[in-house]
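Secondary and tertiary structure notes
Residues per chain are reported as follows:
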Amino acid sequence: MSDFHQSGVITTFHRLGKYDLEAIEATLAGYTEQRPIALVLPCLYSELEGSALKNILQHLREVRYISQVVIGLDRADGSEFEHARRFFGTLPQEVKILWRDGPRIRKLTKLMVKNDLSIGGPGKGSNMWLSSGFVLADARCKIIALHDCDIVTYDRELLARLVFPLASPHMDYEFCKGFYARVSDRLYGRVTRLLVTPLIRALQHVLYRESQLLGFLDSFRYPLSGEFSMVADLARINRIPADWGLEMGVLCEVFRNCTSRRICQVELCETYEHKHQALSSEDERKGLMKMSTDIAKSLFRNMATDGLVLSDALFKTLAVRYLRAAQEAVKQYEDDAAINGLPFDRHQELLAVRAFTNAIRLAADEYLRDPLGIPLISNWNRVTSAIPNFFDELKEAVDKDCNGK
């Protein structure tokens, strides 16, 4: 059983004891008559062949309070898109597949580029953004929920808990972030444990003024989780990165666009398992090295947006402070594993810390060379200002693709 301690500047909802899922789902069905929910699933075609997504669909077939499922489908040719239509067509909800490699969507992305709009490259960020844009274009759902398609331990309890704080008119939150313990036979979640949290706390330590943004980020139990829900209007104004800095960028946008009283995090499940990235310490363009570099860059650029002057001297001090904080974290997690009888490879953990230290240096160098970096994806208010009928065209393109026209 979880604790129920509240810490940080946002509200935390814990998983306490026995959970009556059927009663919660019945309550949600009543709530969503006034607050319809769309579920966005960013998906690679290759994930249709895996067991995780098949299990997710099996659980979603039992969910009655979701009005619409929007699939952002990447890396699929024409025959694969037709297979995806049949694959997702077994769901009882209204299903819309946004075929990102299809000619109609490609035409619309070219139109946005022609109008000097930043749309990001291939990846989860631009997939999530465009899929959320369809929800806005359709204009029926008031809440957007999102989770990954590679969750091996998926259960529909996860979705119910993720959307409840926004669906309930008595709670009335605007953004909810999911969290969970990344532990099974051992401790996982290295990027959060050994990079993000020590880096945020090292930044807090070296700054000469208190940063509300850093305090906000440090309040999240699992800031890199891919599961969150938000009111649709928030999707209209957020600007997000298209790289591995997505989750960090989303939280920073929420910090700017919401009051902390309307932000919460919820413990989603007892166990959570999905695919693991290789460390790839020898190649900064792959695996956790690429991920950690993008995350650090996103954090640095958001700190600059918050008014912090980031200099070469600050980065040198930060690297030293981060290294000490991460090494201390390794000792804490080693002891935590020991008291729970879990294996713990201290050597591999310290190798990860060394790799993350190099990633911070790479991110700092890139930031100093180009503080602006790759532009954030344009928000939807900007898109509809530049192309007033874009939502109509997007909805028409998706409907035609899904209807086989």
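Please refer to the structure placed before this passage.
Procedures and definitions
- Residues numbered from 1 in each chain as written.
- Predicted model: local features only at pLDDT ≥ 70, side-chain atom pairs only at ≥ 80, totals over all residues.
- Heavy atoms only, no water.
- Pairing = 2+ DSSP bridges.
- Helix = DSSP H or I, 4+ residues; strand = E, 2+ residues; numbered from the N terminus.
- Axes fitted to C-alpha atoms, helices over the stretch in contact; angles between N-to-C directions.
- Contact = heavy atoms within 4.5 Å.
- Expected span 1.5 Å × (residues − 1).
- Buried < 20%, exposed > 50% of the residue type's maximum accessible area, 1.4 Å probe, protein only.
- Core = buried A, V, L, I, M, F, W, Y, C linked by side-chain atoms within 4.5 Å.
- Parallel < 35°, antiparallel > 145°, perpendicular 65-115°, else oblique.
- Left-handed = near helix turned anticlockwise from the far one by under 90°.

The sheet built from eight strands is open, its strands ordered S1-S8-S6-S7-S5-S2-S3-S4 with mixed pairing. With one partner strand each, in any of the chains shown, strand S1 (11-13) and strand S4 (94-99) form the two edges of the open sheet. With direction set aside, neighbouring strand axes in the sheet form an average angle of 20 degrees. Across three bridges, the pairing between strand S6 (residues 175-179) and strand S7 (residues 228-231) is antiparallel. Looking across to S7, one finds that Phe-175 is bridged to Met-230. Packed onto the sheet, helix H3 (residues 78-88) meets strand S2 (37-44), strand S3 (68-74) and S4 and runs at close to 165 degrees relative to S4. Packing against the sheet, helix H10 (residues 246-257) makes contact with S6 and strand S8 (263-267), and its axis sits at approximately 145 degrees to S6.

The end-to-end C-alpha distance of helix H13 (residues 346-369), which contains 24 residues, comes to 35 Å, matching closely the 34 Å that a straight helix rising 1.5 Å per residue would cover. If you check which residues of H13 are buried, you get Glu-349, Ala-352, Val-353, Ala-355, Phe-356, Thr-357, Ala-359, Ile-360, Ala-363, Ala-364 and Tyr-367. Lining the buried residues of H13 we find helix H7 (190-206), helix H11 (287-305) and helix H12 (312-339).

Right, let's get into the nonpolar core. Grouped together as the largest cluster of nonpolar side chains are 135 residues, with contacts concentrated most on Leu-73, Phe-88, Leu-159 and Phe-300. The element best represented in this core is H7, accounting for nine residues. Those residues in contact with Phe-88 that sit more than four places away from it in its chain are Cys-43, Leu-48, Leu-53, Leu-57, Ile-71, Val-95 and Ile-97.

Let us now look at the packing of helix H4 (residues 103-114) against helix H15 (residues 390-402). The angle between the axes and the distance between the axes are what describe a pair of packed helices. Following both chains from N to C, one finds H4 and H15 inclined at 160 degrees, their axes separated by 9 Å at the closest point. Relative to H15, H4 is oriented roughly antiparallel. By crossing handedness, the relation of H4 to H15 is classed as left-handed. Two secondary-structure elements touch here, H4 through Arg-104, Ile-105, Leu-108, Leu-111 and Met-112 and H15 through Phe-390, Glu-393, Leu-394, Ala-397, Val-398, Lys-400 and Asp-401.

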